[in-house]
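# Structural overview
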Amino acid sequence: MCGIFGCIVKDGNAAPVIHAALKRLEYRGYDSVGEATLHESSLHIKKDQGKIDEVHKIHNLDDLPGNIGIGHTRWATHGAPLQVNAHPHLDCDGQIAIVHNGIIENFSELKQELENLGHVFKSKTDTEVIVHLIEHVWKTKPSLSLADAVLEAVKRLEGSYAIAVISPKEPNKIVCARYESPLVVGVNENAVYCASDIPAFLPLTNKAVIINDGELVILSPQGYEIRKIADSSLVTREPKILDWTPEMAVKQGYPHFMLKEIHEQPATLRNTLRLQEHYLDLMTTFLDRAHEVFLVACGTSYHACLAASYMFSKLAFLATYPIIASEFMEQHGKSVNIDSTILAVSQSGETADTLAAVNCARQRAATILGLTNVIGSTLTRISRVYIGQQSGPEIGVAATKTFTSQLSVLSQLALRLAKKRGKISQDEMDFLAEKMENLPDVVDEIIQTQEEKVKQIAKKYKDAKTFFFLGRGISTATAYEGRLKLMEIAYVPAIAFPAGESKHGPISLIEPGFPVVFICPKDDTHKTLIGNIMEMKARGASIIAIMEEGDEEIKKLADDYVEIPKGVPEVLSPIPYIIPLQLLAYYMAIERGHNPDTPRNLAKSVTVK
Ligand code: AGP
């Protein structure tokens, strides 16, 4: 997730307006920043890696001439956070500048095609192919306007984009276009703006025009013109008057970042389905060759590893060992060796315990693989191969969207490994791939249809002294994660363990009204789990079931239940089944008067051991 901005101002320079707007978009990404303005038939550019304030201190982002310009604050997905990869990007002749938010899935083949045509690329980004594509169209059809060249070029793109383009050849225009990445236009009597999100221009105007997928917008000193990309037909749309405060706008109207990020998961899951095949295949090769694989992480990322161990085993028949990072050295420090492979999972890529475990393994010549949300983090620098999960910045301390993204990437790796090892048929492969593609819609349906029910459950149990979270098989990982969320956000002591363990001790805690959350998809464990539910119910527990919709067997045993759409394969079930538990933690925190975004005693990234 990055932030783009552009403006045409009637009086004064565009650069300070762009700089201030990028600061307001900083929550969308902040590892690099850049601006480009037009003045006296030339482009003026400043860009570098680093946070906005750092780059401004070095380059003075306000000091660019011209009343029209574009800007970008980056969350790296393709290409490390380096000056050369910062936006804006230029065509070969430096006559077109572009900023982009999104992921171009077919950028490799487009890049090859354009290089064969003689285009020279400077960066490792997917974005740069767009500006060379526009250049190519415009050079082959010089009679086209910039807008028509952009319109033709974006038809070649697969994936998501929100772009803003300027050129000295049409010095009073900004051309924008969007598909599956947000884009809004702001207008007032002094200027016209385009941005990834409303906070960028809200202090300047509350008149906003939402741009829809498949639309192109031409900004000029006269205002804005919207066209459909498909057929270039004009679209008439009046500005809406917004009544948001700037603080509300940064949260897109949600009361807390945590709730916004829970709701973002359909979009972030779509982004993890746009990973570059090359990196997935490369990591799959390393996993396939591995003698032994340790999945090393902390907290929520460890729960993703726990779920992944079931995925790798059930799909690829590969035994992997999920290890809590702080225990790795004690448990395996002496045995890890050149034949070991470590897949370290860390949203921040900076968790001290995880890095310590990785460094211990590196010193013993193990192969290091990494899965992280932060390109350029320490984990990416010490991994032989890494994958960026492309979730965008997660502001809430609780890991929510980054957890489901981790699971999505890990399940894709397990599926590829299964295919490489010939462990599943092409039909099974196609079936699971299709189910994976459907997951964003499944998660969206859960949020739309079950959130209110979870809110009621939180009200009913808000004073509960503790909770059990139980599951079997892969749902054990979901249970552990649901427990962590409730503990860290609502400060409710909770216990999670495999449901089969109840009779080996924990069931002694049960008394009438004791809330027990069961994660019970209709998988191989369903029948046994019903027995576990009944043993709890017999002792007066209150049963809260996260179950498949229409599961009458569970419904009649449950005091409360949340329904998950049918047909989710067992190995993918943690992704949808965790959603109600994320919402439960959030609404329990609200009921108990806590701020879910800033839970006490916790930091977003634990960089101390
Ligand atoms: C998750 O909600 C917690 N904030 C915490 O457990 C977190 O998952 C853990 O600290 C690991 O962080 P990482 O993924 O950045 O390594």
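Everything below is about the structure shown above.
For the structure given in this document, a descriptive report is provided here. (Residues numbered from 1 in each chain as written. Predicted model: local features only at pLDDT ≥ 70, side-chain atom pairs only at ≥ 80, totals over all residues. Heavy atoms only, no water.)

Turning next to the overall build of the chain. Counting secondary structure elements, the chain contains 20 helices and 25 strands. Over its C-alpha trace the chain gives a radius of gyration of 25 Å, about what one expects of a compact globule, namely 25 Å for 609 residues. Each of the three principal axes of the chain carries a C-alpha extent, and together these read 80 × 55 × 45 Å. Split into buried and exposed, the 609 residues of the chain put 62% on the buried side. (Helix = DSSP H or I, 4+ residues; strand = E, 2+ residues; numbered from the N terminus. Rg over C-alpha atoms; globule rule 2.2 N^0.38 Å. Buried < 20%, exposed > 50% of the residue type's maximum accessible area, 1.4 Å probe, protein only.)

A separate point is the pattern of salt bridges. On inspection of all chains with the given rule, the structure shows 30 salt bridges. Here R178 ties to D213 by a salt bridge, and the two come within 2.6 Å at their closest N and O atoms. On the criterion of sequence distance, the pair formed by R178 in strand β8 (residues 174-179) and D213 in the loop between β11 (207-210) and β12 (215-220) is long-range, its members being 35 residues apart. Take R178: its relative accessible area is 13%, and that puts it in the buried class. Residue classification places D213 among the partly exposed residues on the basis of a relative accessible area of 38%. The salt bridge involving E264 is made with K260; its shortest N-O contact spans 2.8 Å. For the pair E264 and K260, one class covers both residues: buried. (Salt bridge = Lys/Arg side-chain N within 4 Å of Asp/Glu carboxyl O.)

For the rest of this paragraph, the subject is the sheet that holds strand β20 (residues 385-388). The strands making up a sheet associate through hydrogen bonds between their backbones, and the pairing can be parallel or antiparallel. On the basis of which strands lie adjacent, the open sheet formed by 5 strands has the order β17-β16-β18-β19-β20 and parallel pairing. In this open sheet, the two strands that pair with only one neighbour each are β17 (320-324) and β20. Between one strand axis and the next, the sheet turns through 20 degrees on average, direction left out of account. Alignment of strand β16 (residues 292-297) against β17, held across 5 bridges, turns out to be parallel. Looking at the pairing, F294 lines up with Y321 of β17. Sheet contacts for helix α9 (residues 277-289): β16, β18 (340-346), β19 (367-372) and β20; angle to β20, the most-contacted strand, approximately 135 degrees. In this fold helix α12 (residues 352-363) packs onto β16, β18 and β19, with an angle of close to 165 degrees to the strand it touches most, β18. (Pairing = 2+ DSSP bridges. Axes fitted to C-alpha atoms, helices over the stretch in contact; angles between N-to-C directions. Contact = heavy atoms within 4.5 Å.)

Where burial is concerned, most of helix α5 (residues 146-154) is hidden: 7 out of the 9 residues are buried. Those residues of α5 not exposed but buried are L146, A147, A149, V150, L151, A153 and V154. Along its buried surface, α5 packs onto α4 (127-140), β7 (161-166), β8, β12 and β13 (223-228).

Ranked by internal contacts, the top residues of the largest apolar core, which has 87 residues, are F312, F467 and F469. Here the element with the most residues in this core is helix α15 (residues 426-460); it accounts for 11 residues. Leaving out residues up to four positions away in the same chain, F312 has contacts with L287, L295, F317, L318, T320, L410, L413, A414 and L417. Ranked by size, the runner-up nonpolar core spans 31 residues in total, among them F107, L133, V175 and L216. (Core = buried A, V, L, I, M, F, W, Y, C linked by side-chain atoms within 4.5 Å.)

Not every one of the 15 residues close to the ligand is listed here, only the nearest: S301, S346, S348, T351 and E488. For the ligand, an oxygen atom lies 2.5 Å from a polar atom in the side chain of T351. V397 places a polar main-chain atom, nitrogen or oxygen, 3.1 Å from a nitrogen atom of the ligand. At the level of elements, α10 (299-316) and α16 (475-490) are the ones that each hand at least two residues to the shell around the ligand. (Near = heavy atom within 4 Å. Polar contact = N/O pair within 3.5 Å; in protein donor to acceptor, adjacent residues only side chain to side chain.)

Our focus in this paragraph is the packing of helix α8 (residues 265-272) against helix α14 (residues 401-420). The geometry of α8 relative to α14 is characterised by a closest axis approach of 9 Å and an angle of 30 degrees between their N-to-C directions. The angle between the axes of α8 and α14 places the two elements in the roughly parallel class. When you trace α8 past α14, the crossing you get is right-handed. Side by side, α8 and α14 meet where Q265, T268, L269 and T272 of the first sit next to K401, T404, S405, S408, V409 and Q412 of the second. Among the residues forming the contact of α8 with α14, the class breakdown is 2 nonpolar, 7 polar and 1 charged. (Parallel < 35°, antiparallel > 145°, perpendicular 65-115°, else oblique. Left-handed = near helix turned anticlockwise from the far one by under 90°. Nonpolar A, V, L, I, M, F, W, Y, C, P; charged D, E, K, R; others polar.)

Before going further, it helps to spend a moment on the environment of P515. Secondary-structure assignment places P515 in strand β23 (residues 515-520). On a C-alpha basis, the gap between P515 and A464 in space is 7.4 Å, while along the polypeptide they are 51 residues apart. When sequence neighbours within four positions are dropped, the list of residues in contact with P515 reads Y461, A464, T466, F467, F468, S542 and I544.

The next thing to look at is the packing of α4 against α5. Between α4 and α5, the shortest axis-to-axis distance is 8 Å and the interhelical angle comes to 120 degrees. The angle between α4 and α5 places the two elements in the oblique class. The chirality of how α4 crosses α5 is right-handed. Contacts between α4 and α5 involve L133, I134, V137 and W138 on the former and, on the latter, L146, A149, V150, E152 and A153. Looking at the contact of α4 with α5 residue by residue, the classes come out as 8 nonpolar, no polar and 1 charged.

Our focus in this paragraph is the sheet that holds strand β22 (residues 494-498). Read from one edge to the other, the open sheet built from 5 strands follows the order β22-β21-β23-β24-β25, with strand pairing classed as parallel. Strands at the two margins of the open sheet, each flanked by one partner only, are β22 and β25 (560-564). Ignoring which end each strand starts from, the neighbouring axes of this sheet average 15 degrees apart. Of the strand pairs in this sheet, β23 and strand β24 (residues 542-548) are connected by 6 bridges, and their pairing is parallel. Within β24, the position partnered with V516 by the bridge is I543. Contacting β24 and β25, α15 crosses the sheet at an angle of about 165 degrees to β25. Contacts from helix α17 (residues 526-537) reach β21 (467-471), β23 and β24, with the element oriented near 175 degrees to β23.

Scope: geometric values only; no functional claims are made or implied.
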